[in-house]
Amino acid sequence: MIQFDYTIETLLNTLPDFIAFKDGEGRWILANPVALEVFHLTNVDYVGKRDSELGTHVPFMMEALRHCEATDEEVWRQGETVRGKETIPQPDGRVRIFDTIKIPTFYPDGRRKVLIVVGRDITDFVHNRKDLEESRQRYQSLYHNNPNPTFSVDLSGRITTVNAKMETLLGYTANELVGRPTSFFVSDEDVSRCEEFFRETLLGNRHVIEIGVVTKSGRQIQLEIHGVPMIVDGEVVGIYGVAQDVSDRTRAEQIIYHLAFYDPLTGLANRAMLTNRISDAIADLGAGHALAVLFIDLDHFKSLNDTRGHSMGDLLLKRVAQRLQACVPASGTICRLGGDEFIVLLPRLKEACEAVTVAKRILDTFSEPWDLGGECVYITGSIGIAMGTDNTVDAEQLIRNADMAMYDAKDKGKNTYRLFDASLSDKLQRKVKLETALRQALAQDMFTVCYQPQFDMATRRIIGAEALLRWNHPQGIYPTHELIQVAEETGLIVPIGLWVLRTVCRQAKQWREAGHHPLRIYVNVSPRQFIDNRFVHHVKRILAETDMDGHALGLEITEGVIMRDVHYAQETLQALRDMGMKIDIDDFGTGYSSLAYLKRFPIDRIKIDQSFIRDVTNNEADLAIVKTIISLAHNFQIPAIAEGVETATQFQLLKQHGCDEAQGYFLGRPANSNDFNTHLGTAH
């Protein structure tokens, strides 16, 4: 039996590790309290017993003690210190893990002396390491299998790791990326922003940035990167970057922005963008400079749209945008307001003449023919100019002012410009008031039709009548020409004209049913009505509704209208003639007066404008024009009718020179349908 002194025994009793001594036969000699506690032998007489014998006292330890016995024997056999692990079960089913060192000692003659067994409890360490390994594996799984491209950078901004998604996104391998700065794949324009982003994140704050990135193939994409600081022991040691390809979203946002602020047809700014730009220009107004808003409207654009189709109209609008861009300085903004309306903003002007110069340049370029897919057309523009000199005006007011000035340019004959002044506001208000009243009159059936008889000059018998629109306005303040002008500009002339046509057909039917000799009633057709490609359809529908045929009607059309689109005019006039109607050329001599349309178009009568009749008895020039028109009509074998015949002298002079028919106050004033009955007795 080996003897231990007091000092060694004290040391053994204070060590945290277990220590046990066994003889060469495997019998326990001595164990410190830790060992007895570990092997549950505290109340067991262990000295002189082998492990297998001790197992009878602690049955749940039997397998573990037999294993210890076997490993002890292996150590003796090897004859050297062996380090290993021992798993010691616990009564509750758990196990404790020990890191063991077994040291065999021998007598000089080689006989076994003592086996020293030392064990340290590493259960928590093993479990912690296992947890750490599991955590590491979870992190690796999360990092490398992250559906988002992920990377990390160190404090110097160099890439330390990338996951597979990042490799796939950029087209680079991890080896090609690790060690490089992030600027390696960031687009040049975003490098400084990216560096600032990483600097901010290294301060310990999370940040998000959207930057442009260039892939290995050279394709440019947009990435949204969430930067998260890597913190170890309270210190930032790097950054994790989680990226998302937002190229599609960015493109969608750009499209939405473009739709919100740009015209999809021409690519010009729209009203929303223009309003912002004007507001900015107003805020920028200072001493010595002003701004100008030019409101541009194309002349006769609706005619082109109605006769050539919307695709041709759209092509013209694109060409207009191109010409405007060539006329407007880079500091200006060009906007398509809608339809054929455009606005130009000219900021920081020194004086109004600069805006006028631009307006003249636009009018000059618009005067050139427009090539629309091999077909040349002539479309001019009217321009209104509103100046802003201080910040008391707002964007909408400037646009309204320019709009009023543009309408003034239209009134002055189109293809010109006008500067806004305060008097235009009153004029516009009057026009708006009149438009409202016209709409109300149409809705409430407040119009009437009067009939002015037309006579054969040789027999003085009535041959027809012209239908004239009348409106008994309560205030009686609107001249007829002003009513027609507003109705034409607003498009109200179309429904008003159809109302007149329907009223005339109903009246003509009543007269025929009353037994009166049929008269042909002539109805004026406005330019806006005629160029409407549904005009023939509307006429057919009204004839069907009223159970009338076209032989009861004649249509008066001004010569300028049919020359706008010769092909359309030929087809339309022929369709009307095929329904039995007669076609008059109204106001002859005041427009084109072209022999071409007298030859090419199906025309039944020429109407001499009253402006030539008024002074025909004392003005040689007017008389010469009247004689020429009569002769021209006879050469084409069609009659000439004079309007505005107010005196017997005029009547006799016209009859003398061969005028066929006439109407005017001298022969008969316009009368309502009841009063007109007095003329029906002389009809033939």
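Please read these numbers as outputs of a predicted model, since none were measured by experiment.

1. Describing the pattern of salt bridges
Within the structure shown, the criterion is met by 35 salt bridges. Salt-bridge contacts for E176 lead to K216; the nearest nitrogen and oxygen are separated by 2.9 Å. Highlighted residues: E176 in helix α7 (residues 174–177) and K216 in the loop between β8 (207–214) and β9 (220–232), separated in sequence by 40 residues. Look at K216 and you get partly exposed, because its relative accessible area is 45%. If you follow the salt bridges from partner to partner, you end up with K22, D51, D72, E86 and K102 in one network.

2. Comments concerning unusual backbone geometry
Residues other than glycine seldom take positive phi values, yet H300 does so here, at roughly 65°. Here H300 is to be found in the loop between β11 (290–298) and α11 (301–308). Even without a glycine there, the phi angle at K414 is positive, about 70°. By secondary structure assignment, the location of K414 is in the loop between α14 (395–411) and β17 (417–419).

3. Some details on the packing of helix α12 (residues 310–327) against helix α13 (residues 352–366)
Orientation of α12 relative to α13, taken along the N-to-C sense of each, is 140°, at an axis distance of 10 Å. In terms of orientation, α12 and α13 fall into the oblique class. Pair α12 / α13 crosses with right-handed handedness. Residue-level contacts link V320, R323, L324 and C327 of α12 to V358, R361, I362, T365 and F366 of α13.

4. Points about the pairing of strand β19 (residues 462–471)
Here β19 lies mainly inside the structure; 7 of its 10 residues are buried. As paired elements, strand β18 (residues 447–456) and β19 share 9 bridges and run antiparallel to each other. The partner of P453 across the bridge, within β19, is A465. Connecting β18 to the antiparallel partner β19 that follows it, the hairpin turn spans 5 residues, and R460 within it adopts a positive phi of roughly 60°.

5. So, helix α25 (residues 648–656)
Three or more residues of α25 are buried, namely Q650, F651, L653 and L654. In a view along the axis of α25, the buried residues occupy a sector of 170°, so they form one face of it. Exposed and facing more than 90 degrees away from the buried side of α25 are T649 and Q656. On its buried face, α25 is in contact with α23 (610–613), α24 (620–635) and β24 (640–642). With its phi angle positive at about 90°, G658 sits one or two positions after the end of α25.

6. What to know about the side chain of T266
You can see T266 is positioned in the loop between α9 (247–261) and α10 (271–283). By relative accessible area, which is 16% here, T266 ends up buried. Polar contacts involving the side chain of T266 include one to the side chain of D263, which spans 2.6 Å. Within the structure, the side chain of T266 is placed 3.2 Å from the backbone nitrogen of L268, a separation counted as a polar contact. Contacts of T266, omitting those with residues within four sequence positions, involve L317, K318, A321 and R336.

Calculation notes
Residues numbered from 1 in each chain as written. Predicted model: local features only at pLDDT ≥ 70, side-chain atom pairs only at ≥ 80, totals over all residues. Heavy atoms only, no water. Salt bridge = Lys/Arg side-chain N within 4 Å of Asp/Glu carboxyl O. Helix = DSSP H or I, 4+ residues; strand = E, 2+ residues; numbered from the N terminus. Buried < 20%, exposed > 50% of the residue type's maximum accessible area, 1.4 Å probe, protein only. Axes fitted to C-alpha atoms, helices over the stretch in contact; angles between N-to-C directions. Parallel < 35°, antiparallel > 145°, perpendicular 65-115°, else oblique. Left-handed = near helix turned anticlockwise from the far one by under 90°. Contact = heavy atoms within 4.5 Å. Pairing = 2+ DSSP bridges. Arc of directions from axis to C-beta. Polar contact = N/O pair within 3.5 Å; in protein donor to acceptor, adjacent residues only side chain to side chain.

As far as function goes, none of this settles anything; it's purely spatial.
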